[in-house]
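Residue-level structural notes
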Amino acid sequence: MSPPLLVGSEIYRRSTYGPKHPLAIPRVSTTLDLIRALGWVEEAQYRDSPMADVAALTRFHDPGYIAALQRAEEAQAVSPEDRERFRIGADGNPVYREVFRRPATSAGGVLLAAELTRHGGVVHVPGGGTHHGRRDRASGFCYVNDAVLGLLAWMDQGLTRLLYLDVDAHHGDGVQDAFQDEPRVITVSIHEGARWPFSGVAEDVAGGQALNLPVPAGFHDTEMRALREGLIEPLIARLRPEAIMLQCGSDALLEDPLSRLALSNNAHRDLVACLRGAAPRLMVLGGGGYNPWSVARCWALAWAELNGIAPPLRLPEAAESVLRGLSFHRAAGRNPAPHWFTTLLDAPREGPVRAEVRALLA
Ligand code: TV7
Ligand code: CA
Ligand code: ZN
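This is a predicted model, so every value here is computed, not measured.

Reading guide: rules and limits
Residues numbered from 1 in each chain as written. Chains lettered and ligands numbered in written order. Predicted model: local features only at pLDDT ≥ 70, side-chain atom pairs only at ≥ 80, totals over all residues. Heavy atoms only, no water. Core = buried A, V, L, I, M, F, W, Y, C linked by side-chain atoms within 4.5 Å. Buried < 20%, exposed > 50% of the residue type's maximum accessible area, 1.4 Å probe, protein only. Helix = DSSP H or I, 4+ residues; strand = E, 2+ residues; numbered from the N terminus. Contact = heavy atoms within 4.5 Å. Lys, Arg positive; Asp, Glu negative; His and termini not counted. Salt bridge = Lys/Arg side-chain N within 4 Å of Asp/Glu carboxyl O. Polar contact = N/O pair within 3.5 Å; in protein donor to acceptor, adjacent residues only side chain to side chain. Donors = N, O, S within 2.8 Å, 3.2 Å for Na, K, Ca; no water. Tetrahedral: all angles 85-135°; square planar, octahedral: opposite > 155°, others 65-115°. Near = heavy atom within 4 Å. Areas by Shrake-Rupley, 256 points an atom, 1.4 Å probe, with all protein chains shown as cover. Nonpolar A, V, L, I, M, F, W, Y, C, P; charged D, E, K, R; others polar.

**Observations concerning the nonpolar core**
Counting 64 residues, the largest nonpolar core has Leu34, Ile190, Phe219, Leu227, Leu246 and Leu275 as its most contacted members. For this core, the element with the most residues is helix α11 (residues 292-306), which contributes 11 residues. Excluding residues within four positions of it along the chain, phenylalanine 219 makes contact with Ile190, Met224, Leu227, Leu261, Ala262, Leu263, Arg354 and Val357. By size, the runner-up hydrophobic cluster in this structure holds 48 residues, among which are Phe60, Ala113, Val148 and Leu162.

As structure tokens, then:
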């Protein structure tokens, strides 16, 4: 089996969503810098993400919407009509310098990953995971839906049993709705219940295509393990997917300012370990994650797990200084001071499996 590949781009280092926005933090560049500082990626494992072109984007998206994104980038402004219709420059989806090029790059990275896994393999695309993007509008900081485009690319290769698993703290509504009537794609989302976008209740099975697991505040590693062993592993055994896409958003970590969930990064690492080898093709995307220290450690750890690398107990100086280089003013709101500069793995956060979580297992 060929080694896992890592897809990134320098666009993430330069681009921000503008001051005060939760995504105005360096996440993908910090993850890549950390992975490199640890000596965990051979040059031959790295691919630079191309930008998806309009033809590739309109495999899912409305051409009029894509044209509006291009116009918004060009003018650095939106007309009232475009704002109203396409939600660009509205609802927390700002017009920013790379408002077309950045989403086109995340889509290009995922499409490249679909191509790279045509005959099998593992690819990590930390810039991907924009799971709220709609066919004809922006939603939840997502302008295109790179996950949908990647799954469609796998379908276009002739694959018929695809599993999409979304552990971002928010419901993967854009992906679920895109494949509502598509028996070839099963979507699973774990997310904080009663949080924006307020969809994805447990009763919502989207015609049998979806599994929704809304979890309570304080959701911890033991509860995540219960869902994995009780639901996800049996589902994989039953479905025998030809390809698995993991949306590995890291906003369900305890230190994240946008959720009230309480996972440690052991949960993400154990999940990646379980998925590695569960299907001939595996794509691991990024997603949310608003504490830059936590995001970079979580995603670097996912990459390590894909490569079978055990992280060192203490970070080497070069890796530590990548994390020390992050500053508070670039981080959103109330991110706590990091006290774990020196380690990659968190302490596990175990506890009793509460009734709300047991109910999902029934
Ligand atoms: C994948 N939560 C995306 C998650 C998208 C969540 C929301 C914010 C937010 C937006 C900001 C901001 C914020 C501290 C948090 C009901 C609203 C409230 C916009 C101002 N600070 C992912 C989307 C969610 C924007 N949206 O799954 C600019 O929090 O709650 C809402 C909707 C209406 C619109 N307003 C927010 O993780 C990547 N937004 C600061 C500045
Ligand atoms: Ca989710
Ligand atoms: Zn999220």
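**Brief notes about the side chain of aspartate 146**
The residue aspartate 146 is located in helix α7 (residues 146-156) in this model. Although aspartate 146 lies buried, it forms no salt bridge, and the closest oppositely charged side chain, arginine 102, sits 8.8 Å away as judged by the N-O distance. Among the polar contacts listed, one links the side chain of aspartate 146 to the backbone nitrogen of glycine 129, at a separation of 2.7 Å. Sequence-distant contacts of aspartate 146, that is, excluding residues within four places in its chain, are made with Ser106, Ala107, Val110, Gly127, Gly128, Gly129, Thr130 and Leu285.

**Examining the coordination of the calcium ion (ligand 2)**
At this site the calcium ion (ligand 2) is bound by Asp166 (O), Asp166 (OD), Asp168 (O), His170 (O), Ser189 (OG) and Ile190 (O), with donor distances of 2.4 to 3.0 Å. Considering all six donor atoms around the calcium ion (ligand 2), the spread of angles at the metal, 68 to 167°, places the coordination shape in the irregular class. On the primary sequence, the residues serving as donors to the calcium ion (ligand 2) are separated as D-x1-D-x1-H-x18-S-I. Of this pair, aspartate 166 sits in strand β4 (residues 162-166) while serine 189 sits in strand β5 (residues 185-192); the two residues are 23 residues apart in sequence, bridging distant segments of the chain. Here aspartate 166 falls in the buried class, since its relative accessible area comes to 0%.

**Things to note about the coordination of the zinc ion (ligand 3)**
All of the protein donors around the zinc ion (ligand 3) are Asp168 (OD), His170 (ND1) and Asp251 (OD); their distances to the metal are 1.9 to 2.1 Å. Written as a sequence motif, the donor residues of the zinc ion (ligand 3) are D-x1-H-x80-D. Residue aspartate 168 is found in the loop between β4 and α8 (173-178), and its partner aspartate 251 is found in the loop between β7 (243-247) and α10 (265-275); the two are separated by 83 residues along the sequence. The exposure class of aspartate 251 is buried, given its relative accessible area of 0%.

**Concerning the site of ligand 1**
Within the structure, ligand 1 sits among 16 residues, and His131, His132, Asp168, Asp251 and Tyr290 are positioned closest to it. In this structure, an oxygen atom belonging to ligand 1 sits 2.7 Å away from a side-chain N or O atom of histidine 132. Contacts to ligand 1 include aspartate 168, whose side-chain N or O atom sits 3.1 Å from an oxygen atom. Across the complex, the protein chains shield 62% of the 810 Å² of accessible surface that ligand 1 would expose by itself. Tallied by class, the residues present in the shell around ligand 1 amount to five nonpolar, seven polar and four charged.

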